[in-house]
Each structure stands twice: as structure tokens, then as C-alpha cells.
Amino acid sequence: IPQPDLWTKINTQCDEAYNNLLDRLQTEHKALRSLEKRCTREAINAGGLTEAKEKALEDARKARDKLLLNLTAAADCLQRTPPVLPGEEDIEDDDETTENKKQNSGGISLYSADASEKTNKGAG
């Protein structure tokens, strides 16, 4: 029968491995979301994706799904909370900052002479 000290070491190593895999899953998920957004933009602009890009996207999805499945099984074995991936709204796009998204979310902005005059009158 293993000694309690040995069980502590094993549990510590399992926890470290689980946390490392969890970090990897979150990183891959974020990269996949970014890739999906780029591919969506390219498909809209170019009318579709090349076979190579479609395959790369599908491979990335399969790798993430496989890692999620295995990590969920590990969480069950270690009696830990299963991993939860962030939704799209929780992930910032690499191409745009949050400030740019806020500024560009209103669609077309128009110059208004009335707004300019009110600003100038209020300053003086």
C-alpha cells in the first residue's frame, strides 16, 4: 500500500498536469475562434475558402474538441469541475481592440453641423 506522502505527490502531479492541459485548451480555443473569424471574413471577401484553409480550420476544431473531451474525462476522474470554454463575447479579436469595436459598432457616423455648433457654443 502506497504511503500517504506518495499519494500527495501523485495528486499534486495530476493537478499540475490538469491545469497545464486546461491552459492549453483555453489557448487553443482562443486561437480557433480567431481563425474562425479570419476565415469568415475571407469567405465573405473572396467568396469562399481554399480547400487547404477549410482543412486547417476543420483540423483545429477536431484538435480542440478532442482535447476538451479528454480534459472533461480527466476532470471527472480527478473530481474537478469540467472545463468551460468562454463564449465569443468573452474573447477579444486580435485585429480590433475593444475601443475600436465600441467606436465602430454604431455603423455609419454622420457629421452634424448642429452638434458642432453646440459644442463650440458650450466652450465659449
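This write-up is about the structure you can find in this document. As the structure is a prediction and not an experimental result, all values here were calculated from the model.

Time to look at the overall build of the protein. Assigned secondary structure in the protein consists of four helices and zero strands. Reading the protein from its N end, one meets helices and strands in the order α-α-α-α. By sequence separation, contacts in the protein at least 24 residues apart represent 67% of the contacts at least 6 residues apart. Split by element, the accessible area of the protein, about 9800 Å² in all, is 53% carbon and sulfur.

In this model, helix H2 (residues 51–77) (27 residues) spans 39 Å end to end at C-alpha, consistent with the 39 Å of a helix rising 1.5 Å per residue. Burial in H2 covers these residues: Leu57, Arg64, Leu67, Leu71 and Ala75. For H2, the secondary structure elements touched by its buried residues are helix H1 (4–46). One or two steps after H2, the chain reaches Gln79, where phi turns positive at roughly 55°.

Turning our eyes to something else, we now look at the state of the cysteines. Enumeration according to the criterion identifies zero disulfides in this entry. Not part of a disulfide, Cys14 finds its nearest cysteine sulfur in Cys77, a span of 9.5 Å.

Attention now goes to H1. If you check H1, its first and last C-alpha atoms are 62 Å apart, about what 43 residues at 1.5 Å a residue would give, namely 63 Å. Within the sequence span of H1, burial applies to Tyr18, Leu22, Leu25, His29, Leu32, Ser34, Glu36 and Cys39. Looking at the buried side of H1, the elements it contacts are H2. Of the residues trailing H1, Gly47 is marked for its positive phi of about 85°.

In this section: the environment of Leu21. Mapped onto the elements, Leu21 comes out in helix H1. Those residues within four positions of Leu21 in sequence are excluded, and the remaining contacts are Leu67 and Leu71.

The subject of this paragraph is the environment of Leu22. Examined against the element boundaries, Leu22 turns out to sit in helix H1. Taking the C-alpha atoms as reference points, Leu22 and Ala75, 53 residues apart in sequence, are found 9.9 Å from one another. With residues up to four places along the chain from it excluded, the contact list for Leu22 reads Leu71 and Pro83.

Before going further, it helps to examine the pattern of salt bridges. Applying the stated criterion to the full structure yields seven salt bridges. In this structure, the salt-bridge partner of Asp15 is Arg80, at a minimum N-O distance of 3.5 Å. Of this pair, Asp15 sits in helix H1 while Arg80 sits in the loop between H2 and helix H3 (98–104); the two residues are 65 residues apart in sequence, bridging distant segments of the chain. A residue is classified by how much of its surface remains accessible, and Arg80, at 29% relative accessible area, is partly exposed.

The rules behind the values
- Within each chain, residues carry numbers counting from 1 in the order of the written sequence.
- Local features in this predicted model are restricted to residues whose pLDDT is 70 or higher, and side-chain atom pairs enter the listing and the counts only when it is 80 or higher, whereas totals over whole chains, interfaces and linings include all residues.
- Calculated side-chain values reflect all of the structure's heavy atoms, with hydrogen atoms and water omitted.
- Secondary structure elements follow DSSP: runs of H or I of four or more residues count as helices, runs of E of two or more count as strands, with numbering from the N terminus.
- Any pair of residues with heavy atoms lying within 4.5 Å of one another is described as a contacting pair.
- Using a 1.4 Å probe, accessible areas were evaluated by the Shrake-Rupley method; residue-level cover was limited to the displayed protein chains.
- In this scheme, a helix's expected span is set at 1.5 Å multiplied by one less than its residue total.
- The rule is simple: take the accessible area with a 1.4 Å probe, protein chains only, and divide by the maximum for that residue type; under 20% is buried, over 50% is exposed, in between is partly exposed.
- The disulfide criterion used throughout: a pair of cysteine sulfur atoms within 2.5 Å.
- The rule for a salt bridge is simple: a side-chain nitrogen of Lys or Arg has to be within 4 Å of a carboxyl oxygen of Asp or Glu.

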